[in-house]
Amino acid sequence: MGQLRFLGSIKREFSGYNANAFSKDLLAGLTVTAVALPLALAFGVSSGLDAASGLITAILAGLIIGALGGASFQISGPTGAMAAILISLSVRHGVEGVFIAGFLSGLILLIAAALKVGALVSYIPSPVVTGFTSGIAVIIALGQIDNFFGTTSAGESAIEKLISYSELGFSVQLPTLFYGLLVILLMVLWPKKWNARFPASLLGIIITLVVQMILNLPVAEVGAIPRSLLGENRLHFGSLSLPTLLPYLSPAISIAALGMVESLLCGSSGGKMRGEKLNATQELFAQGIGNVIIPFFGGIPATAAIARTSVAIKSGQQTRLTSIIHALGLLASMFLLSPFMSRIPLASLAGVLLVTSWRMNEWHSIRQIFSKRIKTSMSQYLITMVATVVFDLTIAILIGIIFSMVMFIVRSHRISIEIDPVTKELGDYDKHTKVVYVDGSLFFGSQDQLTKVVEKLLGEGVQRIIFSLRGVPTIDHSSINEFTEIVLLCRKREVDVLFCGVQAPVLTLMKRLDFVSLAGEDKFFSSAVTALESLR
């Protein structure tokens, strides 16, 4: 069924495809190539591997994931967020550890696709996603300090490396700093209207490459890039066994979770720009297949990239051929330009990543959160950002979601309860009858509030209590148990309890838990007026 749906979407995508559409795909694909080339090299290095690994990843992801993806517009490859996870993994477990964890993450994504869990991403609160993104930006920036300044640090995490400068010193290498600053200045000052035609990041890389080839300054360079899709270091089938795989399960889950979040959020963002809905299950399937295959070529885990996807759409992308063309463009660059790319200063790539880390922050959302003084959103954002920098990225998302759930419960338990005397002329009933209007969801967090109100009314000598539940959309088992105790308490005091305006979902659960039969079916009315008339 899923395959038939995918083939059907491909037919619709290419329906009426012609030379004009192909020319738009070609132009968009080459534009994305120009954007992706420096990023692929930079993310390969920042992942703890080499530039070739980043390039191999971008090529294979563009071909495999692009062809099989859940939308026509997604561009996948190495990303800064993924690099933030991989750098600590490569320090701890080496290059092979990155490959094994990437392979496992692909299997996990395939399982996620089979279980159709893609919709779960939509339940992550927006401030949590924004804080997560900012935390990743901080990790990327901290990870580029050595390459940018020419310094040396030690430690597995970004925080440990930062602390290590107090022992190792912070000796800045001026030639290295020169290249990094030059790229940043070019990317910041390059006009936006020109950037659409020629990316500032690529311009910065080219200029610093030319300067380095002329001056040959004593700085760290990218190093040899083989003219082959098979990297010197890659995963082999002989490395895969159950005892070998188990230690990498935890980082693999982190990689898969990040890949899922990034890909589906990218699909949501790109879908709004393109006017096309992402097939989340198919996208996870494509990401899974891609990440299972890529490690065997020497690539790092890939995911959909929001920036490259946005460039593709804005450049006139028509179909998924844009992704394939961008991959072929990178492949041509590997074979034709590798001798030149090997001379690129690492400081230049660090400059690209520093600007990228700044720009990847969702500044509009951040300004909205803090300018509007939304305390819950501010807390969600800050807690998730700090947790992302300090802990594992998956743990950070979980902390953000759990905190959001707790805050939701705290806010939701505040129900509105108003007590009104009966104003209709019902004789002696007026002064002994009270109507209790309840507004809000009733669940375990709101327990005891109704009981306290009833106890107060009983102390005042009330003989009849009418609960108006028209403003209660949902109720849980705990609250029905509370109503049961209220009814039993009132019976002991010979006080009548009536209910009116009970919504269908609430009444259904009350019947299932036998509360209606306990309270009495004749105690339920459509409105407070009919309940009062029954007392005549």
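Overview of the structure. Please read all numbers here as calculations on a predicted model, not as lab measurements.

What follows is about the overall build of the protein. Counting secondary structure elements, the protein contains 25 helices and seven strands. Expected size for 536 residues packed as a compact globule is a radius of gyration near 24 Å; at 30 Å, the protein overshoots this value by more than 25%. The dimensions of the protein, computed from C-alpha atoms along their principal axes, are 105 × 60 × 55 Å. With 536 residues in all, the protein has 50% of them scored as buried. Taking the contacts inside the protein whose residues are at least 6 apart along the sequence as the reference set, 82% of them involve residues at least 24 apart. Surface summary for the protein: the accessible area is close to 24900 Å², and the carbon and sulfur share equals 62%. Counting 40 positive and 33 negative side-chain charges, the protein places the averaged centre of each group 10 Å from the other.

This part covers a nonpolar patch on the surface. Side chains of Phe198, Ile206, Val210, Ile214 and Leu215 sit close together on the surface and give an oily, nonpolar patch of about 460 Å² of accessible area. Position of Ile206 relative to the elements: it lies in helix 10 (residues 200-215). Residue Ile206 is classed as partly exposed on the basis of its relative accessible area of 37%.

With that out of the way, let us pick up the pattern of salt bridges. Between side chains of opposite charge, a pair can form as their charged atoms come close. Tallying each qualifying case throughout the model produces three salt bridges. With its nearest N and O atoms 2.9 Å apart, the salt bridge here joins Glu13 to Arg320. With Glu13 in helix 1 (residues 2-13) and Arg320 in the loop between helix 14 (306-314) and helix 15 (321-341), this pair connects stretches of sequence that are 307 residues apart. A relative accessible area of 17% means that Glu13 is categorised as buried. Judged by its relative accessible area of 5%, Arg320 falls in the buried class.

By secondary structure assignment, the location of Ala114 is in helix 4 (residues 80-114). Separated by 303 residues in the primary sequence, Ala114 and Ile417 have C-alpha atoms spaced 46 Å apart.

To continue, consider the packing of helix 8 (residues 174-189) against helix 16 (residues 346-359). Viewed as axis vectors pointing N to C, helix 8 and helix 16 meet at an angle of 40°, and their least axial separation amounts to 7 Å. Judged on the interaxial angle alone, helix 16 and helix 8 are oblique. Helix 8 and helix 16 meet at a crossing whose hand is right-handed. Residue-level inspection shows Thr176, Tyr179, Gly180, Val183, Ile184, Met187 and Val188 of helix 8 in contact with helix 16, the latter providing Ala347, Ser348, Gly351, Val352, Leu354, Val355 and Arg359. Residue classes in the contact of helix 8 with helix 16 are distributed as nine nonpolar, four polar and one charged.

What follows covers unusual backbone geometry. A positive phi angle is found at Lys116, which is not glycine, with a value near 55°. Looking at where Lys116 falls in the secondary structure, it is placed in the loop between helix 4 and helix 5 (126-143). Residues other than glycine seldom take positive phi values, yet Glu494 does so here, at roughly 60°. With respect to the helices and strands, Glu494 occurs in the loop between helix 22 (477-492) and strand 6 (496-500).

For the rest of this paragraph, the subject is the sheet that holds strand 4 (residues 433-439). Pairing within the open sheet is mixed, and its five strands lie in the order 3-4-5-6-7. The sheet terminates laterally at strand 3 (416-421) and strand 7 (524-525), the two strands that pair on one side only. With six bridges joining them, strand 4 and strand 5 (residues 464-471) adopt parallel strand pairing. Residue Val436 lies in a different strand from strand 5, and its bridge partner there is Phe467.

Quick look at the packing of aromatic side chains now. A ring pair, where both rings are aromatic, is described by two values, the distance of the centres and the angle of the planes. Evaluated as defined, the whole model comprises 17 aromatic pairs. Each ring, one from Phe148 and one from Phe149, has its centre 4.9 Å from the other, and the planes form 80°; the classification is edge-to-face. The exposure class of Phe148 is buried, given its relative accessible area of 5%. The structure contains a cluster of three or more aromatic residues connected by ring pairs, namely Phe467, Phe483, Phe499, Phe515 and Phe524.

With 18 residues, helix 3 (residues 51-68) extends 25 Å between its outermost C-alpha atoms, agreeing within 8% with the 26 Å of an ideal straight helix rising 1.5 Å per residue. Within helix 3, the axis deviates most sharply at Ala61, by approximately 30°. The buried fraction of helix 3 is high, at 15 of 18 residues.

Turning next to the nonpolar core. Within soluble globular proteins, side chains that are nonpolar generally end up buried alongside one another. Within the largest apolar cluster, 74 residues are counted, with the highest numbers of intra-cluster contacts made by Leu41, Leu55, Ile225, Ile344 and Leu349. With 13 residues, the single largest contributor to this core is helix 4. Counting 30 residues, the second-largest nonpolar core is a separate cluster that includes Leu442, Ile480, Cys490 and Met510.

Bringing helix 18 (residues 375-390) into the picture now. Here helix 18 contains 16 residues, and its C-alpha end-to-end distance of 22 Å stays within 8% of the 22 Å for a straight helix at 1.5 Å per residue. Along helix 18, the residues that are buried comprise Thr376, Ser377, Met378, Gln380, Tyr381, Thr384, Met385, Ala387, Thr388 and Val389.

Moving on, we come to the pairing of strand 4. Among the seven residues of strand 4, five are classified as buried, and the element is accordingly described as predominantly covered. Relative to strand 4, strand 3 runs antiparallel, the two being bridged by six bridges. The residue of strand 4 that forms the bridge with Ser416 is Asp439.

Remark: helix 5 packs on helix 18, axes separated minimally by 7 Å, with the N-to-C direction vectors making an angle of 35°. For helix 5 against helix 18, the interelement crossing comes out right-handed. Only Ser377, Gln380, Tyr381, Thr384, Met385, Thr388 and Val389 of helix 18 make contact with helix 5, whose side of the interface consists of Pro127, Val128, Thr130, Gly131, Phe132, Ser134, Gly135, Ile136, Val138 and Ile139.

Checked against the element boundaries, Ile184 lands in helix 8. Residue Ile184 is classed as partly exposed on the basis of its relative accessible area of 21%. In this structure the C-alpha to C-alpha distance between Ile184 and Ala200, which are 16 residues apart in sequence, comes to 9.3 Å. Residues contacting Ile184, with those up to four places away along its chain left out, are Phe148, Gly351, Leu354 and Val355.

Rules of the game
- Residues numbered from 1 in each chain as written.
- Predicted model: local features only at pLDDT ≥ 70, side-chain atom pairs only at ≥ 80, totals over all residues.
- Heavy atoms only, no water.
- Helix = DSSP H or I, 4+ residues; strand = E, 2+ residues; numbered from the N terminus.
- Rg over C-alpha atoms; globule rule 2.2 N^0.38 Å.
- Buried < 20%, exposed > 50% of the residue type's maximum accessible area, 1.4 Å probe, protein only.
- Contact = heavy atoms within 4.5 Å.
- Areas by Shrake-Rupley, 256 points an atom, 1.4 Å probe, with all protein chains shown as cover.
- Lys, Arg positive; Asp, Glu negative; His and termini not counted.
- Charge placed at Lys NZ, Arg CZ, Asp CG, Glu CD.
- Patch = residues over 30% accessible without salt bridge, like charges linked within 9 Å, V, L, I, M, F, W, Y side chains within 5 Å.
- Salt bridge = Lys/Arg side-chain N within 4 Å of Asp/Glu carboxyl O.
- Axes fitted to C-alpha atoms, helices over the stretch in contact; angles between N-to-C directions.
- Parallel < 35°, antiparallel > 145°, perpendicular 65-115°, else oblique.
- Left-handed = near helix turned anticlockwise from the far one by under 90°.
- Nonpolar A, V, L, I, M, F, W, Y, C, P; charged D, E, K, R; others polar.
- Pairing = 2+ DSSP bridges.
- Phe/Tyr/Trp six-rings, centres within 6.5 Å; stacked < 30°, edge-to-face > 60°.
- Expected span 1.5 Å × (residues − 1).
- Bend = angle between axes of the 7 residues up to and from the residue.
- Core = buried A, V, L, I, M, F, W, Y, C linked by side-chain atoms within 4.5 Å.

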